[in-house]
Amino acid sequence: MAKIIIYSTPTCVYCKMAKDFFTKNNLAYEEHDVAADMKAREEMVQKSGQLGVPVIDIDGKIIVGFDEDELRSALNI
Amino acid sequence: MYDLVIIGGGPGGVAAGVYAARKKIKCAIVAGDFGGASKVSGDIQNWIGTQSVSGYEWSKMLEEHLRAQKGIDVIQPDLAEKVEKIDGGFLVKTKKGKSLEAKTILVTTGSARKKLNIPGEKEFDGKGVVYCSTCDAPIFDGKVVAVVGGGNAGLEAVLDALPYASKIYLLDHNEELKGDAVTREKIKASPKVEIILKTEPVEILGDKFVTGMKYKDGEGVVKELKLEGVFVEIGSYPNVAFVKDLIKTNEFGEIIIDHKTQATSLPGIWAAGDASDVLYKQNNISAGDAIKAVLNITDHLNKTESHREYSK
């Protein structure tokens, strides 16, 4: 199974959409709240070059924002 | 051929879908997602029958209500790319390559966020340029940011940034801020906020991330601000590019409709909600107007075809 990491903020709707998508498809994910966790924020910026959430890391492939089709293709589902 | 293809999944499109399904009209809905512009709202308190609901929960309520209907084809996620006139109706071509034939069309595509259209904006999108302040404000903890736009959305973006940013410039092209008085006073009272009026942003600067912004002041002098975030909140424009060639729009790009029936300038196409020239852009109004459109479409279908086949 793919390792999924999502960098999110509590107020971000697109993060919720992505997490719901994982749950609906029975996929486990690791979540880092970049509003509270400074280290995770730096890690996210370094990995993605982005100052926006969600950033999703699927086995090292970085996806920015919530796009169901893009997630499906990255996860082969 | 469908009797009706609804384009757009906001409150208008969903309301239309529910009504069309219950009228047993052979119908499809094409939508990127559900909920429309209010999906990202933190708290909706004026959706009738619901005291308080987050935009996201609300969008799920809409989607579930729509999907509970039998006999409507839900084509999602997908977007209409072009509507063409064909014999006896229209052809809707979608971004994912679907072609749907329809006797009638209802446009409920709402509006999209306006961009600044200045150098650096596209380049630094997600690298300091922000279009969802609610989502991304916490990332600018301890940083200097600018909010462009002094309407309600701009003022709310300032409130989103207040707990985090070290300084917030609020830029607007008008001579005074336009948003709600209560929010305005709250913002003016904060020592973190500096309001700069009669300005026009001209360029967003940066290397890997945003490092500054150039703007023209009231006298036409170009000045520069050092900052790391630019929150763009300058309003929206109607999503009508896919159908613009067929029907009349006004100076704001909104589809001109007959406000009694929601019919557009071209027989066979109706429109409702923020994509239309409706005076008030409201979720409840979009839903009501889209229902009005479906009822008028039903009348039209019944009149034009006495032996219409009903879907099962």
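Cut-off values and rules
Residues numbered from 1 in each chain as written. Chains lettered and ligands numbered in written order. Predicted model: local features only at pLDDT ≥ 70, side-chain atom pairs only at ≥ 80, totals over all residues. Pairing = 2+ DSSP bridges. Helix = DSSP H or I, 4+ residues; strand = E, 2+ residues; numbered from the N terminus. Contact = placed C-beta atoms within 7 Å. Axes fitted to C-alpha atoms, helices over the stretch in contact; angles between N-to-C directions. Parallel < 35°, antiparallel > 145°, perpendicular 65-115°, else oblique. Left-handed = near helix turned anticlockwise from the far one by under 90°. Nonpolar A, V, L, I, M, F, W, Y, C, P; charged D, E, K, R; others polar. Domains from an automatic or database assignment. Core = buried A, V, L, I, M, F, W, Y, C linked by C-beta atoms within 7 Å. Buried ≥ 20, exposed ≤ 12 C-beta atoms within 10 Å, placed from the backbone.

S.K.: Please clarify how the sheet that holds strand E9 (residues 144–148) of chain B should be interpreted in this entry.
M.R.: All names here are of chain B. Spatial ordering of the open sheet is given by E8-E15-E9-E10-E11, a layout of five strands whose pairing is parallel. Edge positions in the sheet fall to strand E8 (129–130) and strand E11 (193–196), since each has one partner strand and no second. As paired elements, E9 and strand E15 (residues 229–232) share four bridges and run parallel to each other. Counted as the bridge partner of Val147 is Phe231 from E15. Each of E9, strand E10 (167–171), E11 and E15 is contacted by helix H4 (residues 152–161), which is oriented at about 165° to E9, the strand it contacts most.

S.K.: Sorry, what's going on with the packing of H4(B) against helix H5 (residues 181–188) of chain B here?
M.R.: Helices that pack against each other are described as a pair by the angle of their axes relative to one another and the distance between those axes. Residues and elements named next belong to chain B. Their axes nearest at 10 Å, the elements H4 and H5 cross at an angle of 40°. Taken together, the axes of H4 and H5 lie oblique to each other. Relative to H5, H4 is oriented so that their crossing is left-handed. Counted together, Leu155, Val158 and Leu159 of H4 and Thr183, Arg184 and Ile187 of H5 form the full contact between these two elements. Here the contact of H4 with H5 is composed, by residue class, of four nonpolar, one polar and one charged.

S.K.: Please explain the packing of helix H1 (residues 11–22) of chain B against helix H6 (residues 283–304) of chain B as it appears in this structure.
M.R.: All names here are of chain B. Between H1 and H6, the shortest axis-to-axis distance is 7 Å and the interhelical angle comes to 35°. The handedness of the crossing between H1 and H6 comes out as right-handed. The residues of H6 that touch H1, namely those facing Pro11, Gly12, Gly13, Ala15, Ala16, Tyr19 and Ala20, are Asn283, Ser286, Ala287, Asp289, Ala290, Ile291, Ala293 and Val294. Broken down by class, the residue content of the contact of H1 with H6 amounts to 10 nonpolar, four polar and one charged.

S.K.: What am I meant to see in the interface of chain B and chain A here?
M.R.: How large an interface is tends to be reported as the accessible area lost when its parts come together. Listed as interface residues are 17 residues of chain B and, on the opposing side, 17 residues of chain A. Looking at the side of chain B that touches chain A, the elements with two or more residues in it are helix H2 (55–67) and helix H3 (133–136) of chain B. Broken down by element, the residue count for the side of chain B that touches chain A peaks at three residues, all from H3(B). Taken together, the residues that form the side of chain B that touches chain A break down as eight nonpolar, five polar and four charged.

S.K.: Help me understand the domain arrangement of chain B, please; the structure alone is not making it clear to me.
M.R.: Splitting chain B by domain gives domain 1 (2–113 + 236–304) and domain 2 (129–232). Put simply, the middle of domain 1 of chain B and the middle of domain 2 of chain B, counted by C-alpha atoms, are 34 Å apart.

S.K.: I tried to follow the nonpolar core on my own but got confused; where do I start?
M.R.: Nonpolar side chains in soluble globular proteins tend to end up buried together. The biggest cluster of nonpolar side chains holds 51 residues, and the ones touching the most others in it are B:Leu4, B:Val5, B:Ala20, B:Val92, B:Ile105, B:Leu106 and B:Val107. Leave out the neighbours within four places in its chain, and B:Ile105 touches B:Val5, B:Ile7, B:Val83, B:Phe90, B:Val92, B:Gly268 and B:Ile269. If you look at the next biggest cluster of nonpolar residues, it comprises 49 residues, including A:Met17, B:Val129, B:Val130 and B:Cys132.

S.K.: Help me out: how do you make sense of the environment of A:Asp20 in this one?
M.R.: Residue and element names in this part refer to chain A. Tracing the chain through its elements places Asp20 in helix H1 (residues 13–24). A residue is classified by how many C-beta atoms lie within 10 Å of it, and Asp20, with 13 of them, is partly exposed. As for Asp20 and Ala40, which are separated by 20 residues in sequence, their C-alpha atoms are 21 Å apart.

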